[in-house]
Amino acid sequence: MTAPLPAALRHRAEGLAASLPPLLAEAEHLAATVMLGEHGRRRAGIGDEFWQYRSAHAGDAQRLIDWRRSALSDQHFVREREWQAAQSVALWVDSARSMEFSGSRDRAPKVDRARLLALSLAVLLVRAGERVGLTSAALPPRTGQMQLQRLAGRLCDTGATDYGAPDTSGLAPHARAVFLSDFLGDPAPVEAALTAAADRGVKGALMMLLDPVEEGFPFDGRTIFESMGGGLRHETLKAGDLRGRYLARLAERKDRLAALARLTGWHFTCHHTGDAPMVALMWLHRSLERVRG
Amino acid sequence: MLGPIGFAAPGLLLALLALPALWWLLRAVPPAPVVRRFPGVALLLGLKEDESETDRTPWWLLALRLLAVAAVIVGLAGPVLNPQTRADGTGPLLIVSDASWASARDWSRQEARIATLLAEAGRAGRPVAVASLSAPPSGALAFRPAEHWAERLGGVAPQPRAPGGAGLDAFLAALPAEGFETVWLSDGLARESRAAALEALETRGPVRVIESPRPILALRPPVFEDGLIRLTAIRSPAEGAAEAVVTAHGPDPSGVERELARGIAVFEPGESEAGFALSLQPELRNRLTRFQIQGVRSAGAVSLTDDALQRRKVALLAPRDGREGLELLSPLFYLRQALEPVADLIDGGIDDILLAAPEVIILADIARVTELEADMLVEWMEKGGLLVRFAGPRLAGSEVSRGELDALMPVRLRAGGRMVGGAMSWGEPRALQPFADGSPFAGLNVPEDVTVTAQVLAQPDPELAERTIAQLADGTPLVTRRPLGQGQVVLFHVTANAEWSTLPLSGLFVQMLERLAVSTRPGRPDADDLAGSTWTPERLLDGFGTVRDAGNRPGVPGETLAAALAAEAGAEPLAPGVYASDGRRFAVNVIGPDTGLAPAVWPARIPVEGLRQASETPLKGALLAAALLLLLVDILASLKVSGRLVGGTLRGGTTALVLVLLALPGPAAAQTQPGAPDAGTARDDRLALRATGETVLAHVLTGDPRVDQVAAAGLRGLSQTLFRRTSVEPAEPIGIDLEADELAFFPFLYWPITEAQPTPSDAAYARLNRYLRAGGMILFDTRDADMAGFGFSSPAGRRLQEIARPLDIPPLEPVPGDHVLTRTFYLIQDFPGRHNGEVWVEAAPADAERADGMPFRNLNDGVTPVVIGGNDWAAAWAVNERGEPMMQIGRGRGGDRQREIAHRFGVNLIMHVLTGNYKSDQVHVPALLERLGQ
């Protein structure tokens, strides 16, 4: 290597290297608190684990008959195995500037919570043998600890736009997807992505991450509101006056997302960074399970 | 000028006109917006607030700001509360002050006012003259620069009199003819001289009057009647109800001036007089020197008292005779008549009388008293008593003062006396000669009808002439007097009744008694009474009512005094004070018994100002501070309006806290020190705790720091030795103060004896004896190596004997070889310290016998209460802080050995103290073993 690396890149790499292990460790820690219980697909399929015996129907291949069981009775039984084909789960964590918002000095930005949840979910899924990746083509779903490392690295990328839109370029058909965003920007790209995904048979969960300040709008007086990137400005002379209508608009946004999710067979919830991440992780995990059902 | 407020730069107030413009401007400019990063802005786009006027500043915030700006403007305009109006005049200025007793009360203000006037005149370059009307300057009035007077203001002081009299007339007559302005600082009282003075001043120029509206209080002289002292306070003007507290002052029995009584005069509304009566015991009343109205500094509020309030105690003694019912012939009848109204009379024997401390004792025709009584009388006279004797048949017939002068007689007497003009004699009854000048009776009129028919005659001694104070027309002495110490003896050569003369029947008799200060008169004397006498001032009043010693002031003729007392018009003013002559005193007061007070009335053309000078109070600072405060409030309010205060209650709380701190700059009151517990009990408790917590050796503090130090170090060394070698583990030793500390806590006391040691008190001895009886042990150490055999000639030994004498110490003997001390821990036979002398312990009982086969006698059971020696053990035991020996003991190895033995003795001693006769009991062991064997 003769060409020196740009200092900025190196800085970033070092910063990343510094933050990755804690993030991963935190994710592992959070994942460890989830009691998985019996882990399986709850349906017959190709796998190693015994699922059930059933009477042999006509058409069942002769090699499928479990002779040891059938010898106990007059009937022929087929030994079914649990279906253990690995599922692909694609994650999208909004890394736009708007996710960097934190309403209070002692609360982490939304994006931190989003990364933590995504990585924790990934840890859980990888432990369960699933393949985890990003919705973008940059990191297709794979399994294994190395994938977690790569995923953590990718998750730490930051975007430059004010509001993010899901990139579904790498979304495989019939995969599962999880979108983590504040969904405060233009809803059209989200709708488009969601529709496209539904078209490809992808189901999943939408999690809207909001700061409590965004939920409460505790502002008053003459205020100029700026988006995190500075692209949008709105000046008001009496911010307190706008609270009611802002909250109405927020509720409308949530309703819209929920309706969209219902339409496409997705799950939708709203998580506040002021709440414990555990609840959100459990919801994500369960919503992926339900999708399978 | 706005009421009491003036402005230094009123032009700036025009800026207030700009306030409406500011209002409009401020209204138009909305508060600056806050820029917030907020992702939800996407949801806000397009929203419009309902109330469009919220871009205007709220009216109350606007008002706040306008108020702040207005405060700044007004503040910069220099507002002054009570500004001085500078009435500039021209030409010379005369400042006259009444400077009377009534001015004294407000004198400091008046002085300040004069100073202000002078300063103003100085600025205007006007020549000034300052004059006091009560003490007008003699000669022509000189106008000088104000600075000249500013230095001499102290010379003008209120006088204890009112302006008026010849001096004032002369002053008015001498006023320069050219015009000048006059400022008259009046005392506010009406008086006759005022009109003339005003007229004289008005002809020269405008007159301005400054007078205080404060009421003037004065006290009339006390009047004694019916056993009560009536006091009257007067005031001017007579407005509203008021009270005056009048206090009576005089020396207490120890001679210290203090308040003796007080009363309150309550002025009814509209009344100018208020009085009350004081009832005082004669003892107290006789001590009164003055009354004064409390809290008023003025000569008029002080009334000095004189003899009028005092009633002398006069003792009357007459020979007892068998005759009864002949009152008119009683030697004391006329005396009683003359003295009863004006004096307290005492009867009884001489010794009883003297106990009552009378001022005067009158012996009427008593020839002899016993020697003892004579001595008592002389002693009493030397202390200032006045003995008045009257002659009579007994005195004439006795041998008293014949050959040589009797101590109780002023002159020697010839035998027999004489009779003139009687039925059986030749000649006319003799009349009195007019009194000579030096006599205390000088000036008294001698009535024609006073005649003498019989008298005792004085021996013509050389001193007779000077001792005679009244004589008959033929020159024979009628009254003689001899000073004796501070007192005197006076002999009337006639009887006290009308047997020998008509003197007791005349008014002259009473006057003579008065002049002799036998009696005092309650009323005012007239000129005749005082004629011919000279009165020297004793104490004088100044204008402020302070009583001062008069010093060496020249005397005043009686006529002048009488005129002053009578307050005659045109009389030469006499300085108020107490005037004395021959034991009599008269007080001249500023306020006479008839003096009234009335407020001064000025013609309407004369401007009258109050004396009170409202001091200028610049309000600039206060207004600017208020503006600053308003702006601070504005900051908070702006934050509130712009929504920046909503951030959290915490921040709001902090702001409130800051505000509170701003409002209360004073630090919170420092915590009060918890009261220190009583030192004595605390020390006792500490001592008890230290002494009982562990075993502690103690030494007696001798007061010699060196000895005490060595004793403490010695016990420390012994304690360390015990700690190392035995199971006794003593704590740090304690020094004991025999007088203060309880001994019961200590098993062992080391007592080094010094020659200078004080003998303990009885209480300390009681404690020591209790300690010894309760089983304590004291090691007495004379530290002198017992040089001359035990305790018989060395100073410390003698001291030990003195100290130990009251102690309960049994018979002693030198330590016998089989004493338990020799074997309580170590086996030792010597008890050395720094020296190696004999040691004494309690003697063994005489019947002690050596048991068979035992090396020791069967000795006493108890512990010896004392061990006495002179070996200076503490020196041998002493170690310093590092545990090294402090003192050199002996030489080389021998010394070390001696120190070791000393330590062993110490160990043995403490073991003996703590274990008692335990080792002694070992002698019983064979017997015990024998019994067990059975």
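As a starting point, this report considers the structure included with it. Only a predicted model underlies this, so the values are computations on that prediction, with no experimental measurement involved.

Section: helix 14 (residues 507-515) of chain B
Each α-helix winds once per 3.6 residues, and so residues spaced three or four apart point in a common direction. All names here are of chain B. Taken across its nine residues, helix 14 has seven buried, putting it largely inside the fold. The set of residues buried in helix 14 consists of Leu508, Phe509, Gln511, Met512, Leu513, Glu514 and Arg515. A positive phi of about 65° marks Ala517, the residue just after helix 14.

Comments concerning the interface of chain B and chain A
On the chain A side, the residues contacting the 25 residues of chain B number 32 residues. Elements that contribute at least two residues to the side of chain B that touches chain A include exactly strand 2 (34-37) and helix 2 (41-44) of chain B. Classifying every residue of the side of chain B that touches chain A by side-chain character gives 15 nonpolar, four polar and six charged. Pairing between strand 7 (residues 223-226) of chain A and strand 2 of chain B: four bridges, direction parallel. Paired with A:Ile224 across the two strands is B:Val35, which belongs to strand 2 of chain B.

Description of unusual backbone geometry
Omega for the bond connecting B:Ser236 with B:Pro237 falls within 30 degrees of zero, at -5°, which places this linkage in the cis form. Checked against the element boundaries, B:Pro237 lands in the loop between strand 10 (228-236) and strand 11 (242-251). Here A:His174, not a glycine, exhibits a phi torsion of approximately 60°, which is positive. One can find A:His174 in the loop between helix 4 (145-155) and strand 5 (176-181). Of note in this structure, B:Ala99 is not a glycine but carries a positive phi near 45°.

With respect to the pairing of strand 37 (residues 777-781) of chain B
Residues and elements named next belong to chain B. Across the five residues that make up strand 37, a large majority, five, are buried. Residues of strand 37 alternate between two faces, with Met777, Leu779 and Asp781 on one and Ile778 and Phe780 on the opposite face, all of them buried. Strand direction decides the pairing type here: strand 36 (residues 748-752) and strand 37, joined by five bridges, are parallel. When the bridges of strand 37 are listed, Phe748 appears paired with Met777. Handedness of the strand 36-helix 21 (residues 762-773)-strand 37 crossover: right-handed.

What to know about helix 4 (residues 107-124) of chain B
All names here are of chain B. With 18 residues, helix 4 extends 25 Å between its outermost C-alpha atoms, agreeing within 8% with the 26 Å of an ideal straight helix rising 1.5 Å per residue. The complete set of buried residues in helix 4 reads Trp107, Gln110, Arg113, Ile114, Leu117, Leu118 and Ala121. The buried side chains of helix 4 occupy one side of the element, clustering within an arc of 140° when seen end-on. Seen from the open side of helix 4, the exposed residues pointing more than 90 degrees away from its buried face are Ser108, Thr116 and Arg123. Buried positions along helix 4 lie against strand 4 (93-97), strand 5 (128-132), helix 5 (146-152), strand 6 (181-186) and strand 7 (207-211). Once helix 4 finishes, Gly125 follows within two positions and takes phi at roughly 70°, a positive value.

Here's the deal with the sheet that holds strand 33 (residues 617-618) of chain B
All names here are of chain B. Reading across the sheet, the three strands line up as 1-3-33 and stay open at both edges, with antiparallel pairing between neighbours. Each having just a single partner strand, strand 1 (5-7) and strand 33 make up the two edges of the open sheet. Pairing analysis gives three bridges linking strand 1 to strand 3 (residues 79-81), with the strands arranged antiparallel. In the sheet register, Gly6 faces strand 3, and the bridge partner there is Val80.

Each value, and the rule that gives it
Residues numbered from 1 in each chain as written. Chains lettered and ligands numbered in written order. Predicted model: local features only at pLDDT ≥ 70, side-chain atom pairs only at ≥ 80, totals over all residues. Buried ≥ 20, exposed ≤ 12 C-beta atoms within 10 Å, placed from the backbone. Helix = DSSP H or I, 4+ residues; strand = E, 2+ residues; numbered from the N terminus. Contact = placed C-beta atoms within 7 Å. Nonpolar A, V, L, I, M, F, W, Y, C, P; charged D, E, K, R; others polar. Pairing = 2+ DSSP bridges. Right-handed = clockwise from strand over helix to strand, strands pointing away. Expected span 1.5 Å × (residues − 1). Arc of directions from axis to C-beta.

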